[in-house]
Amino acid sequence: MATQYNSLHQFYSEAAQKINSVRNQIFYKQVDLSLNGKTLLDIGCGDGTDAAYFASQGAIVTGIDPCENFITSAKEKTPDGQFIIATGENLPFADQSFDIVVSKYVLQISPNLSGTLEEIARVIKVGGILLYLVVHPFRQFIENRRTGKNYFQSELIDFTIYGGLMTVKEPSHTFSEYFNQHFLNCFQLLAFEEGFDFKSAEQIGEDIYPTFFLLKAVRKND
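Presented here is an overview of the structure given in this document. Not measured: the values here are computed from a predicted model. (Residues numbered from 1 in each chain as written. Predicted model: local features only at pLDDT ≥ 70, side-chain atom pairs only at ≥ 80, totals over all residues. Heavy atoms only, no water.)

A few points about the overall build of the protein chain
- Each helix and strand counted, the protein chain has 8 helices and 9 strands in total.
- Counting across all 222 residues of the protein chain, residues that qualify as buried make up 53%.
- For the protein chain, the share of sequence-separated contacts (at least 6 apart) that also reach a separation of at least 24 residues comes to 67%.
- A total of about 10,200 Å² of accessible surface is found on the protein chain, and carbon and sulfur atoms cover 51% of it. (Helix = DSSP H or I, 4+ residues; strand = E, 2+ residues; numbered from the N terminus. Buried < 20%, exposed > 50% of the residue type's maximum accessible area, 1.4 Å probe, protein only. Contact = heavy atoms within 4.5 Å. Areas by Shrake-Rupley, 256 points an atom, 1.4 Å probe, with all protein chains shown as cover.)

The structure is reproduced here in structure tokens:
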């Protein structure tokens, strides 16, 4: 699933810049702490646009992405950053390596979300901040056109994004996966926000439903 962006990377980057402005503002607003000298990991850094912004604010930036073309672009945008081909399920970093971990529209692609969250809890420092934005599980369920679908059963679905311009495959998830016991043991919730943005989603009829949610949390002592 992650490699599907190799052939779509240029189109995806261009569409993201045009369409994601509303959610970018919501995302950046939550980065309300000084980044100067802070070690920051961007999981699923894409073409490096966000990483470049964080670096401009003084962060020491590391980014991972499974798409080689995205990594090449990220290195060009932030030559002083560290960018590695990797996935969230197997982070190639030591325990408690980062002050801040961010991720935008990536965690929902993980076929092993619990494992990814465990890896994040491992590499983030005690007192460190986790900030992520993902496709809302309700949107995944509602926009799955298959009849007889089961919210509680994960399945791989064709997911339309950017107003129908692209179709990608993503595994469906539940809130219980995002807020499993290990996550609750490791993190204290600081902010949670649901929202909708039909510029990028596939709106079903006249229904209004959440298309994304944002979470901000702090790493607790074990």
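Quick notes on the pattern of salt bridges
- Applying the stated criterion to the full structure yields 7 salt bridges.
- With a closest N to O distance of 2.9 Å, Arg122 and Asp95 form a salt bridge. Taken together, the residues span a long stretch of sequence, with Arg122 in helix H5 (residues 113-123) and Asp95 in the loop between strand E3 (82-85) and strand E4 (98-104) at a distance of 27 residues.
- Residue Arg122 is classed as partly exposed on the basis of its relative accessible area, which comes to 24%.
- Looking at Asp95, the relative accessible area reads 53%, which means it is exposed.
- Arg146 is the partner of Glu155 in a salt bridge, and the nearest nitrogen-oxygen pair spans 3.0 Å.
- Take Arg146: its relative accessible area is 40%, and that puts it in the partly exposed class.
- A network of salt bridges, in which partner residues are shared, links Asp95, Glu119 and Arg122. (Salt bridge = Lys/Arg side-chain N within 4 Å of Asp/Glu carboxyl O.)

Some points on the sheet that holds strand E9 (residues 212-219)
- Pairing is mixed in the open sheet, where 7 strands are placed in the order E3-E2-E1-E4-E5-E9-E8. Among the strands making up the open sheet, the edge pair consists of E3 and strand E8 (187-195). Strand-to-strand, the axes of this sheet are offset by a mean angle of 15 degrees, without reference to chain direction.
- Pairing between strand E1 (residues 39-43) and E4: 4 bridges, direction parallel. (Pairing = 2+ DSSP bridges. Axes fitted to C-alpha atoms, helices over the stretch in contact; angles between N-to-C directions.)

Topic: the side chain of His173
- Positionally, His173 belongs in the loop between strand E7 (166-171) and helix H7 (175-178).
- A polar contact of 3.0 Å, which involves the side chain of His173, links it to the backbone oxygen of Gln108.
- Not counting residues within four places of it along the chain, the set of residues in contact with His173 comprises Leu107, Gln108, Ser110, Leu113, Pro137, Gln140, Tyr151 and Tyr178. (Polar contact = N/O pair within 3.5 Å; in protein donor to acceptor, adjacent residues only side chain to side chain.)

Section: the nonpolar core
- By size, the foremost hydrophobic cluster in this structure holds 27 residues, and its most contacted members are Leu41, Ile43, Val101, Ile120, Leu130, Tyr132 and Phe187.
- Of all the secondary structure elements, the ones that give two or more residues to this core are E1, E4, H5, strand E5 (124-135), H7, helix H8 (181-186) and E9.
- In terms of residue count, the dominant contributor to this core is H5 (5 residues).
- Setting aside chain neighbours within four positions, we find Leu41 in contact with Thr62, Ile64, Leu91, Phe93, Phe98, Ile100, Val101, Val102 and Val123.
- If you look at the next biggest cluster of nonpolar residues, it comprises 21 residues, including Ala51, Ile100, Leu131 and Phe212. (Core = buried A, V, L, I, M, F, W, Y, C linked by side-chain atoms within 4.5 Å.)

With respect to the packing of aromatic side chains
- Enumeration over the complete set of coordinates arrives at 19 aromatic pairs.
- The interplanar angle of 40 degrees and the centroid separation of 5.4 Å between the aromatic rings of Phe175 and Phe213 together place this pair among those described as tilted. Of this pair, Phe175 sits in helix H7 while Phe213 sits in strand E9, and the two are 38 residues apart along the sequence. In this structure, Phe175 and Phe213 share a single accessibility class: buried.
- Each residue in the set Tyr132, Phe138, Phe141, Tyr151, Phe152, Phe175, Tyr178, Phe179, Phe183, Phe187, Phe192 and Phe213 is aromatic and connected to the rest through ring pairs, giving one cluster. (Phe/Tyr/Trp six-rings, centres within 6.5 Å; stacked < 30°, edge-to-face > 60°.)

Describing unusual backbone geometry
- In this structure, Gln96 takes a positive phi of about 50 degrees despite not being glycine.
- Checked against the element boundaries, Gln96 lands in the loop between E3 and E4.
- On the basis of relative accessibility, which here comes to 44%, the residue Gln96 falls in the partly exposed class.

Structural notes on the side chain of Thr62
- One can find Thr62 in strand E2 (residues 60-65).
- The class of Thr62 is buried, set by a relative accessible area of 7%.

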